[in-house]
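The lines below spell out each chain.
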Amino acid sequence: MPAVSPDSEPARSTAGPALDSTADHVHSPERAAHPVPLRDQRVLVEAGELLRALAAPVRIAIVLQLREAERCVHELVDALGVAQPLISQHLRVLKSAGVVHGERHGREVVYRLVDEHLAHIVVDAAAHAEEISGTRSRGPAPRSIASRQETETA
């Protein structure tokens, strides 16, 4: 690759970007130009499944509740204003994805997060959404969790 001084323009191909696949790429000296090693395909698939399990607003709200304390189903129903069958359905999804663990205490099952890494993912995503919602143009108000229960699938 030809050397490029900071005050010179990189050479441009006359063939155009679509036709010239051998065009030289200039990297900023501050950035590492080395590719990052890829993760094992199985790890990527499992990460994708975990993110899919966390993708529903009700499940995000459940994780945020469980981040604060263990909860049983009726406590989640009261806190989120969502019907009990829907809470149970979402808890099954979270449990099968390894996000939550349920432990029977008498007639109730108390749920807790499996580990704090999962809470960090959700908290960071919510914080990011709050940040960008302040910069986007204000559209119609988002529907509440309770109003989404009829149309949301697990």
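Residues numbered from 1 in each chain as written. Predicted model: local features only at pLDDT ≥ 70, side-chain atom pairs only at ≥ 80, totals over all residues. Heavy atoms only, no water.

Novice: Quick one: what's the story with the sheet that holds strand β2 (residues 100-105), residue by residue and with numbers?
Specialist: Spatially, the 3 strands line up as an open sheet ordered β1-β3-β2, and their pairing is antiparallel. Looking at which strands have only one partner, the edges of the open sheet turn out to be β1 (71-72) and β2. By the bridge criterion, 6 bridges tie β2 to strand β3 (residues 108-113) in an arrangement that is antiparallel. When the bridges of β3 are listed, Val-100 appears paired with Leu-113. (Pairing = 2+ DSSP bridges. Helix = DSSP H or I, 4+ residues; strand = E, 2+ residues; numbered from the N terminus.)

Novice: Please provide a residue-by-residue account of the pattern of salt bridges, values included.
Specialist: A full pass over the atoms with the stated rule returns 3 salt bridges. Across the pair Glu-46 and Arg-42 runs a salt bridge whose closest N-O atoms are separated by 3.5 Å. Taken as a pair, Glu-46 and Arg-42 lie in helix α1 (residues 41-53) at a separation of 4 residues, close to a single helical turn. Since its relative accessible area comes to 45%, Glu-46 is described here as partly exposed. For Arg-42, a relative accessible area of 54% translates into the label exposed. (Salt bridge = Lys/Arg side-chain N within 4 Å of Asp/Glu carboxyl O. Buried < 20%, exposed > 50% of the residue type's maximum accessible area, 1.4 Å probe, protein only.)

Novice: Describe the nonpolar core, and please don't skip the residues or the numbers.
Specialist: Membership of the largest hydrophobic core comes to 21 residues, with the highest contact counts inside it found for Ile-62, Ile-87, Leu-91, Val-99 and Val-100. Taken together, the elements giving at least two residues each to this core come down to α2 (57-68), α3 (73-80), α4 (84-96), β3 and α5 (116-133). In terms of residue count, the dominant contributor to this core is α2 (5 residues). Ignoring any residue separated from it by four or fewer positions in sequence, one finds Ile-87 in contact with Val-58, Ile-62, Val-73, Leu-76, Val-77, Leu-80 and Val-82. (Core = buried A, V, L, I, M, F, W, Y, C linked by side-chain atoms within 4.5 Å. Contact = heavy atoms within 4.5 Å.)

Novice: Mind laying out the side chain of Arg-59, listing which residues take part and the relevant values?
Specialist: For Arg-59, the location among the structural elements is in helix α2. By relative accessible area, Arg-59 is classed as buried at 5%. Separated by 2.6 Å, the side chain of Arg-59 and the backbone oxygen of Ala-53 make a polar contact. (Polar contact = N/O pair within 3.5 Å; in protein donor to acceptor, adjacent residues only side chain to side chain.)

Novice: Explain the environment of Leu-118 to me, using residue names and the numbers behind them.
Specialist: Note on placement: Leu-118 falls in helix α5. Since its relative accessible area comes to 7%, Leu-118 is described here as buried. Leu-118 sits 51 residues away from Arg-67 along the chain, and the two C-alpha atoms are 9.2 Å apart. What Leu-118 contacts, discounting residues up to four positions off in sequence, is Leu-50, Val-63, Gly-98 and Val-99.

Novice: Describe the packing of α2 against α4, and please don't skip the residues or the numbers.
Specialist: Close contact between α2 and α4 brings their axes to 10 Å; oriented N to C, the two are set at 80°. Overall, the two elements α2 and α4 adopt an arrangement that is roughly perpendicular. Every residue of α4 that contacts α2 at Val-58, Arg-59, Ile-62 and Val-63 is listed here: Ile-87, His-90, Leu-91, Val-93 and Leu-94. Per-class residue counts for the contact of α2 with α4 are 7 nonpolar, 1 polar and 1 charged. (Axes fitted to C-alpha atoms, helices over the stretch in contact; angles between N-to-C directions. Parallel < 35°, antiparallel > 145°, perpendicular 65-115°, else oblique. Nonpolar A, V, L, I, M, F, W, Y, C, P; charged D, E, K, R; others polar.)

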